[in-house]
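Each chain is listed here by its residues.
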Amino acid sequence: AVVSTQSTGNLNTLGWDEGMCQFFGVSKNMLPKICSSAEIYGHIAHGKMAGKPIAGCLGDQQAALFGQHCFQRGEAKCTYGTGCFMLSNTGTDIVQSQHGLLTTVAYKVGSEPAVYALEGAVAIGGEVVRWLRDNLKIISSSSEVESLSGTVDSSHDLYFVPAFSGLYAPYWDPTARGLIIGITAYSNSAHIARAALEAVCFQVCEILQSMDADSGIKLQCLRTDGGMTKNKQFLRMQADILGIPVECRAESAEATAMGAGMAAAKALGVWNVDKLPGEVLTYNPDLGDEERSEKLARWKDAVQRSRNWVK
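What this report covers is the structure whose coordinates are included nearby. Keep in mind that this is a model prediction, so the values were computed, not measured.

Looking at the environment of G56
Counting through the fold element by element, G56 comes out in the loop between strand 2 (53-55) and helix 2 (60-67). In sequence terms G56 and H156 are 100 residues apart; their C-alpha atoms lie 48 Å from each other. Aside from chain neighbours lying at most four places away, what touches G56 is S37, A38, E39, Y41, A263 and A264.

Overview of the sheet that holds strand 11 (residues 280-283)
With mixed pairing, seven strands are arranged side by side in an open sheet as 5-6-4-3-9-10-11. In this open sheet, the two strands that pair with only one neighbour each are strand 5 (102-107) and strand 11. Sheet twist, expressed as the mean angle between neighbouring strand axes with direction ignored, is 30°. Inspection of the sheet shows strand 5 paired to strand 6 (residues 115-122) by five bridges, in the antiparallel sense.

With respect to the pattern of salt bridges
On inspection of all chains with the given rule, the structure shows 13 salt bridges. Between E75 and R223 there is a salt bridge; the shortest N-O distance is 3.4 Å. Within this pair, whereas E75 is found in the loop between helix 2 and strand 3 (76-80), its partner R223 is found in strand 9 (residues 222-225), the two being separated by 148 residues in sequence.

What about a nonpolar patch on the surface?
A cluster of nonpolar residues, I40, L268, V270 and W271, forms a patch on the protein surface that exposes about 360 Å² of accessible area. Here V270 shows up in the loop between helix 7 (255-268) and strand 11.

What to know about unusual backbone geometry
The step from A169 to P170 runs through a cis peptide bond, and the omega angle for that step is 0°. Structurally, the position occupied by P170 is in the loop between strand 7 (159-161) and strand 8 (179-181).

Some remarks on the packing of helix 2 against helix 7
The geometry of helix 2 relative to helix 7 is characterised by a closest axis approach of 7 Å and an angle of 80° between their N-to-C directions. Taken together, the axes of helix 2 and helix 7 are roughly perpendicular relative to one another. Residues D60, A63, A64, F66 and G67 of helix 2 touch helix 7, and the partners they reach there are A255, T256, M258, G259, A260, M262 and A263. Looking at the contact of helix 2 with helix 7 residue by residue, the classes come out as eight nonpolar, three polar and one charged.

Remarks on the environment of W299
Inspection of the secondary structure puts W299 in helix 8 (residues 289-306). With near-sequence residues (within four places) excluded, W299 lies in contact with Y159, F160, V161, P162, A199, F202, Q203 and E206.

Thresholds, definitions, all that
- Residues numbered from 1 in each chain as written.
- Predicted model: local features only at pLDDT ≥ 70, side-chain atom pairs only at ≥ 80, totals over all residues.
- Heavy atoms only, no water.
- Helix = DSSP H or I, 4+ residues; strand = E, 2+ residues; numbered from the N terminus.
- Contact = heavy atoms within 4.5 Å.
- Pairing = 2+ DSSP bridges.
- Axes fitted to C-alpha atoms, helices over the stretch in contact; angles between N-to-C directions.
- Salt bridge = Lys/Arg side-chain N within 4 Å of Asp/Glu carboxyl O.
- Patch = residues over 30% accessible without salt bridge, like charges linked within 9 Å, V, L, I, M, F, W, Y side chains within 5 Å.
- Areas by Shrake-Rupley, 256 points an atom, 1.4 Å probe, with all protein chains shown as cover.
- Parallel < 35°, antiparallel > 145°, perpendicular 65-115°, else oblique.
- Nonpolar A, V, L, I, M, F, W, Y, C, P; charged D, E, K, R; others polar.

Okay, structure coming up:
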């Protein structure tokens with residue numbers, strides 16, 4: 001999973017790619033042996049933990065997918081941090097995206113077949129809340145965005161495209177720049193705060209649509225983690241915009257650390273990773289299909305207006 005995030009890895013052979021190594025001028029003999037995500041790689045040599053096994057190696061987002069228990073084809077998670085990263089399990093199939101996503105190894109447990117995933121990235125996730133706090137100064141702490149956005153029942157046709165440094169998946173457009181459109185004399189800071197949260201939801205929705213199109217599997221539920229999942233209002237918005245249930249594990253928002261630990265535990269056989277502790281909170285969509293489609297169409301219109309700004 002770690003190697004697959006680098007240009008020198010080969011998804012088919014699960015080894016170093018000869019052509020890419022030649023391109024970068026790197027000899028394969030200089031590179032380390034590629035191991036699975038869950039096996040014993042060695043033991044700690046010195047210190048108080050000397051002799052303890054080192055067992056489990058996953059990339060950041062692959063670890064979160066593992067930690068979110070997305071072991072079946074068509075199961076997906078989204079991690080909401082400074083940016084957002086959504087991965088969908090495609091099973092043992094290598095699905096080459098035609099809709100702006102990345103193909104990666106999700107994980108490989110010991111000698112079992114490798115499991116692959118589609119990945120989509122959003123540049124500005126929780127960063128937009130920081131921008132509201134530090135730049136626009138309409139909130140004094142990040143947690144205040146939940147109560148402020150909750151003082152209005154909608155953004156009232158105000159849309160915020162936070163393309164501060166361009167757009168990531170599925171557009172990959174460095175010429176886009178941020179915009180707030182639909183402002184009227186009625187608009188206030190609460191509408192902007194709500195539109196900022198909705199912007200994150202819309203970006204994730206576009207990645208979900210790309211995943212559905214690429215994999216041919218319609219996602220039934222999205223599992224979530226990361227700092228923004230502490231905002232319950234935000235999770236309700238996400239469910240409404242996706243049109244599917246959104247799940248969040250109540251006791252831990254840090255699925256990455258959980259996944260890395262689970263991989264090591266799987267290798268050592270000390271924990272049944274098929275059973276995860278903690279209550280799962282589920283947010284079901286309340287928005288009607290017609291209204292959802294209209295809002296998404298308006299969002300995409302706003303995105304198009306943000307593009308080709310940098311000449």
